[in-house]
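Observations on chain architecture
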Amino acid sequence: MATSDMKGQWLDVWISFCLALMIVTNLEGISAQIRYSIQEELKSGTAVGNVAKDLGLDLGRLTDRNLRVVSGTKQDLFKVNPRDGVLLVNQRIDREELCAQTAPCITNLKAVAENPLEMHQVVVEILDVNDNAPKFPEENYTLEVLESAVVGSRFQMEGAHDLDVGLNSLQSYKLNHNQYFRLETEEFGEDGKVPFLILQRPLDREHTAQHWLLLTATDGGKPPKSGTINITVIVSDINDNSPVCDKQKYTITIKENVPVGTFLLTVNASDSDEGLNGEVEYSLRSKLRGLSSEPFDLDSRTGKLTVKGGLDYEEKQVYEIKVLAADKGAVSLSTHCNVLVRVEDVNDNRPEIDITSLSSRIPEDAPPGTVVALMGVTDLDSGVNGQVVCSVPGDLPFDLKPSPDGQSYSLVTKDYLDKETIHMYDITITAKDLGSPVLSSTKVIQVDVLDVNDNRPLFTESPYTFYVPENNKAGMSIFSVSAEDADGGENAAVTYSLDRKTPGPTITSFLNINEANGTISALKSFDFETVKTFQFQVVATDSGTPSLSNNVTVNVFILDQNDNAPVILYPVSSNGSAEGVEEIPRNVNAGHLVTKVRAYDADIGYNGWLLFSLQEVTDHSLFALDRYTGQIRTLRSFTETDEAEHKLLILVKDNGNVSLSATATVIVKLVEPREAFAASDVKSATKVDEEDNVTFYLMITLGSVSLLFIISIIVLIAMQCSKSTDYTSKYLQEANYDGTLCHSIQYRSGDKRYMLVGPRMSIGSTIVPGSHANTLVLPDRRRGSGERPCPSVDHFLWRWFADGVHIVGYVSRKYE
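Residues numbered from 1 in each chain as written. Predicted model: local features only at pLDDT ≥ 70, side-chain atom pairs only at ≥ 80, totals over all residues. Heavy atoms only, no water.

1. Here we look at the overall build of the protein chain
The number of helices and strands found in the protein chain is six helices and 54 strands. Relative to its full complement of 816 residues, the protein chain shows a buried share of 42%. For the protein chain, long-range pairs separated by at least 24 residues make up 66% of all intrachain contacts whose partners lie at least 6 apart in sequence. (Helix = DSSP H or I, 4+ residues; strand = E, 2+ residues; numbered from the N terminus. Buried < 20%, exposed > 50% of the residue type's maximum accessible area, 1.4 Å probe, protein only. Contact = heavy atoms within 4.5 Å.)

2. Observations concerning the pattern of salt bridges
Inspection of every chain in the model, using the stated rule, returns 19 salt bridges. With a shortest N-O distance of 3.7 Å, glutamate 274 and arginine 205 are connected by a salt bridge. A residue pair is termed long-range when its members are at least 10 positions apart, and glutamate 274 in the loop between β18 (269-270) and β19 (280-285) and arginine 205 in the loop between β12 (193-199) and β13 (210-219) qualify at 69 residues. Its relative accessible area of 40% is what places glutamate 274 among the partly exposed residues. Glutamate 279 is the partner of lysine 328 in a salt bridge, and the nearest nitrogen-oxygen pair spans 2.7 Å. Residue lysine 328 is found in the loop between β22 (318-327) and β23 (334-344), and its partner glutamate 279 is found in the loop between β18 and β19; the two are separated by 49 residues along the sequence. (Salt bridge = Lys/Arg side-chain N within 4 Å of Asp/Glu carboxyl O.)

3. Looking at the packing of aromatic side chains
Under the criterion given, the structure shown has 14 aromatic pairs. Both rings, one in phenylalanine 155 and one in phenylalanine 181, keep their centres 6.3 Å apart while their planes meet at 70°; by these two values the pair is edge-to-face. Here the residue phenylalanine 155 occupies a position in strand β9 (residues 154-156), and phenylalanine 181 occupies one in strand β11 (residues 181-187), the gap between them amounting to 26 residues. Look at phenylalanine 155 and you get buried, because its relative accessible area is 16%. Note on phenylalanine 181: relative accessible area 2%, which makes it buried. Measuring from centroid to centroid gives 6.2 Å for phenylalanine 459 and tyrosine 464, while their planes differ by 85°, and the two rings are edge-to-face. Neither phenylalanine 459 nor tyrosine 464 differs from the other in exposure class; each is buried. Taken together, the ring pairs in this structure connect Phe459, Tyr464, Phe466, Phe479, Phe526, Phe534 and Phe536 into an aromatic cluster. The ring centre of tyrosine 180 lies 5.1 Å from the NZ or CZ of arginine 201, which sits over that ring. (Phe/Tyr/Trp six-rings, centres within 6.5 Å; stacked < 30°, edge-to-face > 60°. Lys NZ or Arg CZ within 6 Å of the ring centre and 35° of its normal.)

4. Remarks on the state of the cysteines
Structurally, a disulfide amounts to a covalent bond that connects the sulfur atoms of two cysteines. Counting across every chain of the model gives two disulfides. Shown here is the disulfide that connects cysteine 245 with cysteine 337, its sulfur atoms set 1.7 Å apart. Taking the sign of the S-S torsion, about -85° here, the bridge from cysteine 245 to cysteine 337 comes out left-handed. Taken together, the residues span a long stretch of sequence, with cysteine 245 in strand β15 (residues 244-245) and cysteine 337 in strand β23 at a distance of 92 residues. Grouping residues by exposure puts cysteine 245 and cysteine 337 together as buried. (Disulfide = S-S within 2.5 Å.)

5. Brief notes about the pairing of strand β6 (residues 105-113)
The two faces of the sheet receive side chains in turn, since in a regular strand these alternate between them. Bridge count for strand β3 (residues 68-71) against β6 is four bridges, and the pairing is antiparallel. Of the residues in β6, the one forming a bridge with arginine 68 is valine 112. Where β6 and strand β7 (residues 118-127) come together, nine bridges link them in antiparallel fashion. When the bridges of β7 are listed, valine 112 appears paired with methionine 119. (Pairing = 2+ DSSP bridges.)

6. Let's talk about the sheet that holds strand β16 (residues 249-255)
The four strands are arranged β16-β23-β22-β19 in an open sheet whose pairing can be described as mixed. Pairing within the sheet leaves two strands with one partner each, and these edge strands are β16 and β19. Here the strands of the sheet are splayed against their neighbours by 25° on average, with no regard to which way each runs. As defined by bridge partners, β22 adjoins β23 across nine bridges and the pair is classed as antiparallel. From the neighbouring strand, valine 323 faces β23, where its bridge partner is cysteine 337. (Axes fitted to C-alpha atoms, helices over the stretch in contact; angles between N-to-C directions.)

7. Some words on the sheet that holds strand β45 (residues 611-617)
Overall, mixed pairing links the four strands, which are arranged β42-β49-β48-β45 in an open sheet. Edge strands, defined here as strands with exactly one partner in the open sheet, are β42 (579-585) and β45. Adjacent strand axes in the sheet meet at a mean angle of 30°, parallel and antiparallel pairs treated alike. By the bridge criterion, seven bridges tie β42 to strand β49 (residues 661-671) in an arrangement that is parallel. Its bridge partner lying in β49, glycine 580 is registered against valine 666.

8. A word on unusual backbone geometry
Cis peptide bonds are those with omega within 30 degrees of zero, and the linkage from threonine 545 to proline 546 qualifies with -5°. Looking at the secondary structure, you find proline 546 in the loop between β39 (533-542) and β40 (549-559). Omega for the bond connecting tyrosine 570 with proline 571 falls within 30 degrees of zero, at 5°, which places this linkage in the cis form. Following the sequence through the fold, proline 571 ends up in the loop between β41 (567-570) and β42. You will see that glutamate 41, though not glycine, has its phi angle at about 70°, which is positive. With a phi close to 55°, asparagine 66 is a non-glycine residue in the positive phi region. Topologically, asparagine 66 is positioned in the loop between α3 (62-65) and β3.

9. Things to note about a nonpolar patch on the surface
A surface patch of nonpolar side chains, about 250 Å² in accessible area, is lined by Val384, Val389 and Leu434. With respect to the helices and strands, valine 389 occurs in strand β27 (residues 388-391). (Patch = residues over 30% accessible without salt bridge, like charges linked within 9 Å, V, L, I, M, F, W, Y side chains within 5 Å. Areas by Shrake-Rupley, 256 points an atom, 1.4 Å probe, with all protein chains shown as cover.)

10. What to know about the side chain of asparagine 168
Along the chain, asparagine 168 falls in the loop between β9 and β10 (170-175). Residue classification places asparagine 168 among the buried positions, given a relative accessible area of 13%. Ignoring anything within four residues of it in the chain, the contact list for asparagine 168 reads Asp128, Val129, Asn130, Asn132, Asp162, Asp219, Gly220 and Gly221.

11. Digging into the side chain of threonine 634
The topology assignment puts threonine 634 in strand β47 (residues 631-634). Residue class for threonine 634 comes out buried when judged on its relative accessible area of 4%.

12. Some words on the confidence of the model for the protein chain
Mean pLDDT over the protein chain stands at 79; residues scoring 70 or higher make up 79%. Within the model, pLDDT remains below 50 along residues 1-11, and this stretch shows zero contacts once partners closer than five positions in the same chain are excluded. Across residues 17-30 the pLDDT falls below 50, and counting only partners more than four positions away or on other chains, this stretch makes nine contacts in the model. (pLDDT = per-residue confidence, 0-100.)

13. Re the environment of phenylalanine 534
With respect to the secondary-structure elements, phenylalanine 534 resides in strand β39. Using a relative accessible area of 9% as the deciding quantity, one classes phenylalanine 534 as buried. Not counting the four nearest positions on each side in its chain, phenylalanine 534 is found in contact with Ile507, Leu511, Phe526, Val554, Asn555, Val556 and Ile558.

14. A word on the pairing of strand β5 (residues 86-89)
Neither face of β5 is exposed, since Val86 and Leu88 on one face and Leu87 and Val89 on the opposite face are all buried. Relative to β5, strand β2 (residues 47-50) runs antiparallel, the two sharing three bridges. Bridge pairing in β5 links glycine 49 to leucine 87. Where strand β4 (residues 78-80) and β5 come together, three bridges link them in antiparallel fashion. By the bridge assignment for β5, valine 80 is matched with leucine 87.

Laid out in structure tokens, this is it:
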């Protein structure tokens, strides 16, 4: 198939060459010329005309003559049907492709027949049809125009192209309606119609930055065809606009304690220009057009305002900030944006207390309401943060009185002061504000309380009770009293004196007191046997003005000392010596009472407790002496060998620390019973007389002691009348003893108990006649053959002191 095509092509070339040669050599070979007209774009196979018929060829021989058409182009646009000689369209014919803008569009064909060889010219005119619409080079076109362009400016556009010709070609342009541009066209030879945009009003990029236009090109076909182009007119900026703040004034309220770097707000200024003309920079400016020193920082690019330093409401409450917004145009345009920053108070200041007046020394008798101090209170905060309330501790005798405006206070006393209780006050004044959180401050005021003489001296004891041993040294101090005054200074300086206002001679005549320290000395020595107790008053006076005084009762008990030796009452001879003769029958039995040695001691207690002992005796087996009673008894019956006369030397001594003693001599004579009876009658009469004398002396002594005792009791009752006198019997009798106490006399006054102690004295004891009222003897209370000894002195004193009993007369030696 390919080989046959190549052969055919070579054959056509050969025939064309031959025809050309024939035309050159013999023009008479072209016998005829036919012309056809067809429209482009006909379908393949469409008949153009009958070439054989038009050329007058025999239709019956067409096959033999091989009728065909030859074109000078590579494209075989036409062909001849060899059977009937009809010229047919062989392929699509595009006039614009064949002839472009050439009109008319002619295609020359050669009709060739053989046997004989003939060649005829066939001219086919291709007629245009409106198959092409006008077309712009681009669908979108951008036109940049300065906004400063003057009205009437012309802007040439690239026109549209239409491949068609004649009436089917481009005929007109049309611009959509707009306010800024109109359309004009001009003929430019081969270019045809060229459109122009004419500016008919000023541009404003800030108003309208772009304009969108639609340009339409239309041909003359029926129906007409058109093409469009979108034109974007960009208005180029010039720096003709200043930046504009988006707010007339920026306002913000912040707390004064915001940290550094806190974002406040963004200043935003817009510039209608573009590029550098519309790029805005921000800066802070002060009222003097210099850089601002306010505690704020401004981002020059974003306009963000932040805190760069500490704020203080008390220093400044409002900041008026000028922010300069300037564009970056060649000739920079700028504006000022106003920013108002209000600082809000926070409670960051403690109240301050200012003492404007102070009386630091207040008399203790100052009346309530006395002004101590005046003070002012300030708080730099505002509102409730600056409202202050002051207070003092409620347990102090002071109060705060606020002024009507609440800005000052007066510190006043609310009660009487007492220096003796508190001599100085540290007053803590607390000032608290009403903020949240509450802040406070304190100030301490020291107030000294001045003493006034409002306290009397007070004695450390009332009444005083002192025990003074007798035989004290005259002029030496015996005891002292002490009084304290709760006041201070001169008001507390105490002097002492004795109350000597009692009429008549008193014991105070023999006493002296040291005014400074209250030491009392006796000007004479005391004798217990003369004075056993006395009472006087001591007055303590302070040195205040006016002075105050107080007195106290001093009870003095004289303590007995062993300064009296025992006195033998029996036996006593006619010449006064302690010697006697006793005659007893020789026939007496054992236990016979020979005689009784009687003695007394002016001292009391153990000092007056007498003990009897045999110092010398001719025969120890005959006589025995009771050490407590002084009774001499026989130990056995007498025998014929016993001597008729026996001498007994009896020692009587007391129990003082330094024992004193006396001796008595008893001569016992043994006689026959009749002689003894006669002698006993004589002695009985003598003894009656002697005992009457002793009884008389004893009654006088007892009366004196009783009178002195009653006087003492009355005085003590008067002193202690306000005190209870209820005592139980346990203070008056000790159950462990059989009633035998050592020469004791008990009495009480008020809540005090007193006891006088003597040898062998029991409760309820009576004075034995003949004792001269000095020696008190107990009834004989024996158990079996022995006597209960007196308890040890130390034990005795301890038991009675534990019961609160005052004992007059004591010894430290223990006796079995």
